[in-house]
Amino acid sequence: MPSPSSKCQHFYPEVDSSDTNDRTAYTSVDFFNYPIGKMIAPLLALAALPLLAVAQTCDQGVVDGSFCFSDCTKVDGLPFGFYQPIAEPLVTSINLSNFLLEFDSKDPYNPRLTSTNVTADTKVPADLAVIKLSFVNAGTNITVGLPGAAPVARLFTPDESPASGDTDIQKLFLNFDRIPLAALAGAEAGFGELFKTVTLGSGDVPLSFTGYADNKAEAPEFGLTACLYFVPLRVTSTLKGLGGLQDTTITSIPTVVGGSASTGIKLSIPLRINSPSNVVLKTTTDVSFKLTYNNQVVGSVVLPKLSISPGANNLVATGFVFPQGAAATAASRDLLSKFVKGTSSEVTVSGGKSSDLPSLDAAFGAVSIKQTLPAKAQVLILGSKFTFPNLFTLTSKVQITASNPFDAATDITYVKASLVYKDKVIGTLDTDVTGFTIPAKSTAVSPDLKLNLKLNGASILAIFAAIGNSLSASVQSELTISFGGYKSTLDYNQDGVTAKLVLFL
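Residues numbered from 1 in each chain as written. Predicted model: local features only at pLDDT ≥ 70, side-chain atom pairs only at ≥ 80, totals over all residues. Heavy atoms only, no water.

**Regarding the state of the cysteines**
Cysteine pairs can be linked by a disulfide, which is a covalent bond between their two sulfur atoms. Across all of its chains, the model carries one disulfide by this definition. With its sulfur 1.9 Å from that of its partner, Cys72 forms a disulfide with Cys227. One quick way to see it: the torsion about the S-S bond of Cys72 and Cys227 is about 100°, and its sign makes the bridge right-handed. Here the residue Cys72 occupies a position in strand 3 (residues 66–75), and Cys227 occupies one in strand 13 (residues 224–240), the gap between them amounting to 155 residues. For Cys227, a relative accessible area of 0% puts it in the buried group. (Disulfide = S-S within 2.5 Å. Helix = DSSP H or I, 4+ residues; strand = E, 2+ residues; numbered from the N terminus. Buried < 20%, exposed > 50% of the residue type's maximum accessible area, 1.4 Å probe, protein only.)

What follows is the structure, encoded as structure tokens:
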């Protein structure tokens, strides 16, 4: 429907203005001698309708407190009828049972709205109530906003949009089928605030609808068609808020799937978002949130092509552990150390930003979700083998058999460790390592590493001899591991590491 100040150009069959019943004649006091008057006269007589004026073309918008009533005739492209006063609004409420919004990064402030079985409650004036009008079509031109605030978007539905319902049940039913919900010029920030309110809101979130509607209806009893033009529409409706996405759960232990020097360690994070809303949010954009641990941003969590429907939404997010700065790096080290150890950690996912959909940045930017990052203890060191060149040296060669429990290959590039047996430090390692790559879900043996002995050779040989040349020791270590060129240090302790002795090789 056009804006309130524009010409009425919908639903009205053309009348030839060259006919003797021309526009001048139509607007004369002889109204009832011409087709429109003859057609509507039975309705007027039955309803005893009060007229504000003689019939006229509705070309200047709304007369306050009225709507334009017509038989759907138009003259010279303009609808022809008269203004009918109304003491109370004809539309008292709009109920939206579902609300699908499809966002496109090519036009981020003009999403498409689909809503089925939209119900408008109507209140027909007493002088019209004796006439049953069955709705056939309905068009709207309304603005949308938050109550008490300026409107931020326009919802336009063509006048030929199908409708149903009637004045007896006082309801009008229609569907919105991918109708543009376009931000008003200069209201882009307010548009974002509207969706922020819906995203963070719990329970009913009120929206204000203001504008006008065109309705085409039939009076079967008289075999007539009537058009109600510029019906004022000023109502508050509600949507169910998304609850700030607070009902989100990491459903299983994340897995390390890769890494790179430019993005850090890459994780696959299965999660479920339970939405209490009746809003379906469909996008083609990736939304990146900050990953915070111990008040430090240690990386990010990306929800790819984010779409949220009412109820349970199962998806796989991508996490990146990529701290910046000393404090964040220290926090990241603690997080990764706990993750490998099998200790769950409390993290926060917040401050979302879309890759190419600025209209939703205010909404996602305000989201803050506390989560428990589950973990499972991982065995990284399977065993070690000592080689003594002689009994008098305080150094030995050692090879470490290590396991990679992750879904991506890793390199161990640095080891600082102590080998402890019965509370005694047998030896220490503090060395860079080259060529120690462990494929995903596999094991590998390190190159020869230098072990600095804390006991003399004879003492160590005596220990090994007493227990059959093999002992179970504890390892207290600091490991630097690399995924795809990104290095990260973690603290790793393990009991029950098998150490074997080989002499004089």
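From this point, the discussion proceeds with the structure in view.
**As for empty space enclosed by the protein**
Taken as a whole and assessed by the stated rule, the structure comprises seven cavities of 30 Å³ or more. When its volume is computed, the largest cavity comes out at roughly 260 Å³. As for the largest cavity, its lining consists of 22 residues, of which Ile250, Ile269, Leu271, Val301 and Val349 are closest to the centre. Every element with two or more residues in the lining of the largest cavity is listed here: strand 14 (248–250), strand 16 (264–275), strand 18 (287–293), strand 19 (296–303), helix 4 (326–341), strand 22 (345–354) and strand 23 (368–373). (1 Å grid on protein atoms, 1.4 Å probe; cavity = no way out; pocket = protein on both sides within 12 Å on 5 of 7 lines; lining within 4 Å. Points joined across faces, edges and corners; volume = space filled by probe spheres on them.)

**Brief notes about the environment of Thr437**
On the secondary structure map, Thr437 appears in strand 28 (residues 437–438). Classification of Thr437 as partly exposed rests on a relative accessible area of 42%. The contacts of Thr437, once residues within four sequence positions are left out, are Thr410, Asp411 and Ala444. (Contact = heavy atoms within 4.5 Å.)

**Quick notes on the packing of aromatic side chains**
Counted according to the given criterion, the structure contains nine aromatic pairs. Through successive ring pairs, a cluster of aromatic residues spans Phe103, Tyr109, Phe191 and Phe195. (Phe/Tyr/Trp six-rings, centres within 6.5 Å; stacked < 30°, edge-to-face > 60°.)

**Some words on the confidence of the model for the protein chain**
When pLDDT is averaged along the protein chain, the result is 84, and 81% of the positions lie at 70 or above. Residue range residues 1–36 is modelled with pLDDT below 50. Its contacts to residues more than four positions away, or to other chains, number 106 contacts. Low pLDDT, under 50, characterises residues 45–53; the stretch is placed with 23 contacts to residues that sit more than four places away or in other chains. (pLDDT = per-residue confidence, 0-100.)

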